[in-house]
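Below are the chains, spelled out letter by letter.
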Amino acid sequence: MITGKILRDAILSGSNNIANQRARVDELNVFPVPDGDTGTNMGMTVDAAARELAALPDDCTVGEAAKTAASAMLRGARGNSGVITSLLFRGFAKALEGKRTAEAADLVAALQKGVEGAYKAVMKPTEGTMLTVARVASEEAAASGLADTTELWQLVLAAAGRALANTPEQLPVLKKAGVVDAGGQGLVIIFEGMQAVFEGGAVIPCEEAATRNTAKLSSSAAGKGVFADDLMKVEDIKNGYCTQFLVNKNEGVSSAKLRAFCESNGDSVVVIEDDDVINCHVHTADPGRILSHAIQYGYLTNFKIENMHEQFLARQKQGKGLEKQKEAEASSASSEFIYAAVDPERDYGFVAVAAGEGLHAAFTDLGVDAVVSGGQTMNPSTEDIVSAVQSVPAGTVFVLPNNKNIIMAAEQAQKIADRRVVVLPTRTVPQGITAMLNFDPEATVDNNTIGMMQAADKVATGLVTFAARNSDFDGRKIKKGEIMALENGKIVSVGTDITKTAYRLARSMAKKDTSFITVISGCDVSPEEAARTTELVRAKVGGDIEVSHINGGQPVYYYMISVE
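Quick summary incoming for the structure in this document. (Residues numbered from 1 in each chain as written. Predicted model: local features only at pLDDT ≥ 70, side-chain atom pairs only at ≥ 80, totals over all residues. Heavy atoms only, no water.)

With respect to a positive patch on the surface
Alright, step 1. Judged by side-chain charge, Lys500, Arg504, Arg507, Arg532 and Lys540 come together as a positively charged surface patch.
Alright, step 2. Where the positive patch is concerned, the elements lending two or more residues are α20 (498–509) and α21 (527–541).
Alright, step 3. Here the element with the most residues in the positive patch is α20; it accounts for three residues.
Alright, step 4. Its relative accessible area of 38% is what places Arg507 among the partly exposed residues. (Patch = residues over 30% accessible without salt bridge, like charges linked within 9 Å, V, L, I, M, F, W, Y side chains within 5 Å. Areas by Shrake-Rupley, 256 points an atom, 1.4 Å probe, with all protein chains shown as cover. Salt bridge = Lys/Arg side-chain N within 4 Å of Asp/Glu carboxyl O. Lys, Arg positive; Asp, Glu negative; His and termini not counted. Charge placed at Lys NZ, Arg CZ, Asp CG, Glu CD. Helix = DSSP H or I, 4+ residues; strand = E, 2+ residues; numbered from the N terminus. Buried < 20%, exposed > 50% of the residue type's maximum accessible area, 1.4 Å probe, protein only.)

Quick look at the pattern of salt bridges
For side chains of opposite charge, pairing can occur when their charged atoms come near one another.
Alright, step 1. With the rule as written, the count across this model stands at 17 salt bridges.
Alright, step 2. Between Asp9 and Arg8 there is a salt bridge, with its nearest N and O atoms 2.9 Å apart.
Alright, step 3. Assessed through its relative accessible area of 11%, Asp9 is described here as buried.
Alright, step 4. Between Asp457 and Arg427 there is a salt bridge, with the nearest N and O atoms lying 3.9 Å from each other. With a gap of 30 residues between them, Asp457 in helix α19 (residues 445–457) and Arg427 in the loop between β8 (420–423) and α18 (429–437) connect regions that are remote in the sequence.
Alright, step 5. What makes Asp457 partly exposed here is its relative accessible area of 46%.
Alright, step 6. It is possible to trace a salt-bridge network through shared partners that takes in Lys5, Arg8, Asp9 and Asp58.

Focus: the side chain of Asp26
Alright, step 1. Along the chain, the position of Asp26 falls in helix α1 (residues 4–26).
Alright, step 2. From its side chain, Asp26 meets the backbone nitrogen of Gly39 in a polar contact 2.7 Å long. (Polar contact = N/O pair within 3.5 Å; in protein donor to acceptor, adjacent residues only side chain to side chain.)

What to know about the sheet that holds β8
Alright, step 1. Reading across from one edge, β6-β5-β7-β8 is the order of the four strands in this open sheet, with parallel pairing throughout. Each of the sheet's edge strands pairs with one partner strand only, and the pair in question is β6 (370–373) and β8. Averaged over all neighbouring strand pairs, the angle between strand axes comes to 25°, with direction disregarded. (Pairing = 2+ DSSP bridges. Axes fitted to C-alpha atoms, helices over the stretch in contact; angles between N-to-C directions.)

Details of the environment of Ala163
Alright, step 1. By the element assignment, Ala163 lies in helix α7 (residues 149–170).
Alright, step 2. Sequence separation between Ala163 and Gln185 is 22 residues, and the spatial gap between their C-alpha atoms is 10.0 Å.
Alright, step 3. Once you skip the residues sitting within four places of it in the chain, Ala163 turns out to touch Thr132, Val133 and Val136. (Contact = heavy atoms within 4.5 Å.)

Re the pairing of strand β16 (residues 559–563)
Alright, step 1. The buried fraction of β16 amounts to five of the five residues, a majority that puts the element mostly inside the structure.
Alright, step 2. Burial along β16 is two-sided: the residues Tyr559, Ile561 and Val563 and Met560 and Ser562 are all buried.
Alright, step 3. Direction of pairing for strand β14 (residues 516–522) relative to β16: antiparallel, over a ladder of five bridges. Bridge assignment links Ser521 to a residue of β16, and that residue is Tyr559.

Describing the nonpolar core
Alright, step 1. Among the nonpolar cores identified, the biggest contains 93 residues, and Leu7, Ile11, Phe92, Trp153, Phe191, Met194 and Val351 are the most heavily contacted of them.
Alright, step 2. Not counting chain neighbours up to four residues away, the residues in contact with Leu7 comprise Ile2, Val62, Ala65, Ala66, Leu96 and Phe198.
Alright, step 3. In this structure, Leu424, Phe439, Met452 and Ile491 belong to the second largest nonpolar core, which totals 31 residues. (Core = buried A, V, L, I, M, F, W, Y, C linked by side-chain atoms within 4.5 Å.)

Some words on the packing of aromatic side chains
Alright, step 1. Under the counting rule described, the total for this entry stands at nine aromatic pairs.
Alright, step 2. Relative to Phe398, the ring of Phe350 has its centre 5.6 Å away and its plane inclined at 15°; by these criteria the two rings are stacked. Here Phe398 lies in strand β7 (residues 396–400) and Phe350 lies in strand β5 (residues 348–354), a separation of 48 residues in the sequence.
Alright, step 3. Taking the relative accessible area as the measure of exposure, Phe350 reaches 6% and is therefore buried.
Alright, step 4. Feature note: the residues Tyr348, Phe350, Phe398 and Phe439 constitute an aromatic cluster, connected by ring pairs.
Alright, step 5. Its end group placed over the ring of Tyr339, Arg259 keeps NZ or CZ at 3.3 Å from the ring centre. (Phe/Tyr/Trp six-rings, centres within 6.5 Å; stacked < 30°, edge-to-face > 60°. Lys NZ or Arg CZ within 6 Å of the ring centre and 35° of its normal.)

Here it is as structure tokens:
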């Protein structure tokens, strides 16, 4: 029998286990582009649940533990692997709803519902991935007939391990690289951590607690990180207490009145709500007043109250001068989003994901209301995207993920946001830019969705980056540090010179019907190098094609090349 405490501790143990081994999982990525973040995404997703589970009392029910974990993972999900992980645990919440304890049959039902939800969320499920690992484990558990929960989970872990070992036979790219699927490995590691508790042992400790800096990496609306007004002069701080907490909602309550109360008694208010929890952040002069009001909406957990006067003085003692404070304020102001109520007179708004000041400015110039910092190797969470969406006072908000590994997290935001969210599945920044250029303010939501994506799908995207690891990929031997050219995600050439690789890529991508080429330079390219590369592209493709340049400032990619 599984109690709420046992399930709570099991998920905590799984979170610590993946945190301890996430670098190992990251390294399983076979693609040499610097995007091996599967372990990191899964670790941060489960860690979101661990932080909230740690506040649950020992006498919690399995239903409460499962709901808390699923809700937190939904909001904290990062990358495709993180979203799939959250959906698997969503199955636990559905199967264990209202239950005080769980038997073996309940665990089987939980796995089945989780697998069902995860497969439905993936448009074209690929076998040989973490989906396969979860499905095989679920199927063998259902067929076992075991009534003992410990024995059942031993079987689940063994089945998952066998399925993982078989992934190279299902995906030739894994077999050639001599590795197993990274997401599947991460899932087995989480299951191993859970098994330690199910077998009567202690929670696996986190060996790298100091490196679990999700709060520093997240720009989410839960108030992680520093808000701009955290860095004002001491005498300017009127609402000096940064107050954060979770409301485990009573039935039928809504966050609207709580948000209004916070806004009338403080500033920097961000309130996010899902089916079970209201996540609240506010700067106020009287935290007690806020908490006393909030308790009528449900029981409160995860309190965090910080004195911003003391924070300011501490930073002064650390030697941070006025200029650094201003830099931090500017950086923070660009990454945080303040909630805005829907304006009935405003139909449309836009959120885009991009990294780099130049790309932020480019999307803003095109009419994007909020730009979420993120992209390759920096996948924002679902909560980050929800926070941005709810800062846009429009009835319908279009979201452009601009990366294939962010699309699923954006789609999960549709379940949480308090306004209509339409995800345009843009896979690259050039696609996102073209989609925005084709928005028609007079058209309907459906017509814009079709028209913007039809235009985006016609864009060819070239990328110039470096090899993050040695690889034998698609018949091509690639050494770590070499410069790679990718066309629509496929490696087409490898070299040692960034400029040559870039203009040769642009030239090979130009077709007879090409009209425009845009060269987007990254943060590691000087203005002089970018200008020279752009001129070489212009010279190589001929005078009939208009060539322009954007200083994107993006990391990871020396150049992004848009061909239309």
